[in-house]
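# Analysis of the macromolecular model
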Amino acid sequence: MRSLTRILCLLAASVGLAAAADRPNVLFIIVDDQSPFDFKFYNPKSELTAPNIERLAADGMVFDAAHHMGAFVGAVCTPSRHMVMSGRTVWHLPIGPNAKTHCPEDLPESTMAAVFNRAGYDTMRTCKKGNSYESANEQFTIRHDASKRGGDEESGSAWHGKQVLEYLDQREASKDSDPFLIYFGFSHPHDTRDGTPELLANYGATNHTDKNALPPANPKQPALPINWLPVHPFHHGHPGLRDEVSVSGVWEKRDPQTIHNEVGREFACSENIDIQIGKVLAKLEAMGELDNTYVFYTSDHGIAIGRHGLQGKQNLYEHTWRVPYIVKGPGIKAGTRAPGNIYLLDSLATICDLTGVPAPASNEGTSFKPVLMGEKDTVRDVLYGVYNGGTKPGMRAVKKGDWKLIQYDVMDGQVREKQLFNLAENPNEFLKEHHDPAVMEASGIAPTENQVNLAGDPKYADKLKEMEALLLSEMRRLDDPWRLWDQPDDGLTPPEEPAPKAKKDKKNGKAKGEKKA
């Protein structure tokens, strides 16, 4: 009987080990400040060379309506990365104005790494430092974080790639069979966009540092973004905003020569990221792990770089509100696309669903596994966005089907604007300013007559009212603590205190979430 019991125990143990070995791995790749329209699979006219990311897109599913939910601080990265790690909505974060009433105190124990540690996964991360969720980052068993935005192997994106490659080498050497979750983050293409010399040369760009001169023109530089403007038609609502006035190489300039060069720098940094991703994918393939790994690729938000006359990420146009999002892995049909209507905050629920790990009770995201498996096209009908890191109440957006509304209530009531777009007819959100002959000559783009903001057109008055009502409904549902000038105040008292400061870095004492990262 004892020998039989021993045999049964050994069999159970071996089955358990086999089950652990068969559980899928996760490689979650996230970059900093990247518009989906940088890529050919979103914008066929893009001049970015990114064969490895393009291969991911060809081998997996591309999402055409992936968004971040927004931000209440200028460092949009900070709430975005809190949402990725926790699955919480924007007004239910531990750094937000609603934190005391809408966020559990023990949230770090329910963030990505903590959840997967308890599930028996090995967790590892590399990413930039700062403007993130430090209490969640601390949960990773192995962590190599540093801000790397230089133009060589040690100071740029290759450093992040090296951390993952060395980790995989260690797993291989030790014959580690536990499933893994790797959070593979990059510091680029966030500015300062110092590319490597050889990649800059591909795009005719230079690491421009002279504020008093324009960068040299070069025929190899990328074209202007399709919706470039020399200036935004009204104030964006955040006076002195770093991203709009202080980015090295651009500053307050939006002239074609400056933007051509800066897009070239962005592409040089993005191509370097692509090279590092290629090395990691090749390593996983050589280890026999790639086919059992879900690979995610995304960004914490988009970026303007000249689009609509803006430079940063503090706006709600599609180029900045949307993010690139690709998933490849077991059960996902290659070469597929779906709108999805997903948020970055849905990532945690989806990773849990794909791996069979229970999502934490604190999660508010929706798994989009049914979309990945071809069972449906979207997980929600309505999308909400916010930016109010500047003057309050700020800007809000809502989208349903082909229709999108952006409202601005900024500069202490001096700027109150509405923009209504039919994205099926006007996907680039052209404004009347895009029809200016000088703009069309510089960009080479001639919008059609109906490609304008429709908010002031009486023919669309009913649609405008419908979208305004939808926006208010979403603001109420998501506990948005502000109301816009033409909305009922709902008895709310807008927050007077600034959002709580993020945890300080123990080494350098700098507050996370306030300044450049």
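Just so we're clear, the structure is a prediction, and the values are computed from it rather than from any experiment. (Residues numbered from 1 in each chain as written. Predicted model: local features only at pLDDT ≥ 70, side-chain atom pairs only at ≥ 80, totals over all residues. Heavy atoms only, no water.)

## What about the overall build of the chain?
Note the cut-off: Note on conventions: DSSP H or I runs of at least 4 residues are helices, E runs of at least 2 residues are strands, and numbering of each starts at the N terminus. Restricting the calculation to C-alpha atoms gives the radius of gyration, and the globule rule supplies 2.2 Å times the number of residues raised to the power 0.38. Partly exposed describes any residue whose relative accessible area lies between the buried limit of under 20% and the exposed limit of over 50%, with all areas from a 1.4 Å probe on protein chains only and scaled to the type maximum. What makes two residues a contact is simply this: any of their non-hydrogen atoms within 4.5 Å. In these tables, accessible area is a Shrake-Rupley quantity obtained with a 1.4 Å probe, and a residue counts as shielded only by the protein chains included in the view. When charges are counted, Lys and Arg are positive and Asp and Glu negative, with His and the chain ends excluded. Note that the charge is assigned to NZ on lysines, CZ on arginines, CG on aspartates and CD on glutamates.
For the chain, the helix and strand inventory stands at 15 helices and 15 strands. On C-alpha atoms alone, the chain measures out to a radius of gyration of 23 Å, which is about the 24 Å that the 2.2 N^0.38 rule sets for 517 residues. In the chain, buried positions account for 58% of the 517 residues. Partitioning the intrachain contacts of the chain with sequence separation of at least 6 by distance along the chain shows that 70% fall at a separation of at least 24. Carbon and sulfur atoms form 52% of the exposed surface of the chain, whose accessible area is close to 20500 Å². Charged side chains of the chain number 60 positive and 70 negative; the gap between the two group centres comes to 4 Å.

## Comments concerning the sheet that holds strand β6 (residues 142-145)
For clarity, the threshold we go by: Two strands form a pair only when DSSP identifies at least two bridges running between them. Orientation is described by axes fitted as lines to C-alpha atoms, over the contacting stretch for helices, and by angles from 0 to 180 degrees between their N-to-C directions.
Across the sheet, 8 strands lie side by side as β6-β5-β7-β1-β8-β9-β2-β10; this open sheet has mixed pairing. The strands lining the two open edges of the sheet, one partner per strand, are β6 and β10 (336-338). Strand after strand, the sheet turns through a mean of 10° between neighbouring axes, direction not considered. Along the sheet, helix α10 (residues 256-286) makes contact with β1 (25-32), β7 (180-189) and β8 (293-299), crossing β7 at roughly 160°. Contacting β1, β7, β8 and β9 (325-328), helix α12 (residues 347-355) runs over the sheet at an angle of about 160° to β1.

## A few points about the pairing of strand β15 (residues 415-422)
In this sheet, β15 lies alongside strand β14 (residues 403-410) in antiparallel orientation, the contact comprising 8 bridges. Directly across from Leu405, in β15, lies its bridge partner Leu420. Counted between consecutive antiparallel strands, the loop separating β14 from β15 contains 4 residues, among which Met411 sits at a positive phi close to 55°.

## A short note on the side chain of Ser157
Note that Ser157 resides in helix α7 (residues 157-174). Setting aside chain neighbours within four positions, we find Ser157 in contact with Lys148, Phe186, His188, Asn272, Ile273 and Gln276.

## Points about the state of the cysteines
Stated precisely, the cut-off is as follows: The criterion for a disulfide is a pair of cysteine sulfur atoms lying within 2.5 Å.
Counted under the stated rule, the structure contains 0 disulfides. No disulfide involves Cys77; its nearest neighbouring cysteine sulfur is the one of Cys127, lying 9.6 Å away. For Cys77, a relative accessible area of 1% gives the class buried. No disulfide involves Cys269; its nearest neighbouring cysteine sulfur is the one of Cys77, lying 15 Å away.

## A short note on unusual backbone geometry
Most peptide bonds adopt trans geometry, and most residues besides glycine take a negative phi value. Here the amide bond leading from His188 into Pro189 is cis, since omega sits at 0°, within 30 degrees of zero. Assignment of secondary structure puts Pro189 in strand β7. Of note, the bond from Asp191 into Thr192 is cis; its omega dihedral lies within 30 degrees of zero at 5°. With respect to the element layout, Thr192 can be found in the loop between β7 and α8 (197-202). Unusually for a residue other than glycine, Asp33 sits at a positive phi of about 70°. One can find Asp33 in the loop between β1 and α2 (51-59). By relative accessible area, which is 0% here, Asp33 ends up buried. Phi angles above zero are rare outside glycine, and Ile305 is one such case at about 45°. Structurally, Ile305 is set in the loop between β8 and α11 (318-321).

Bear in mind that shape data such as this cannot, by itself, settle questions of function.
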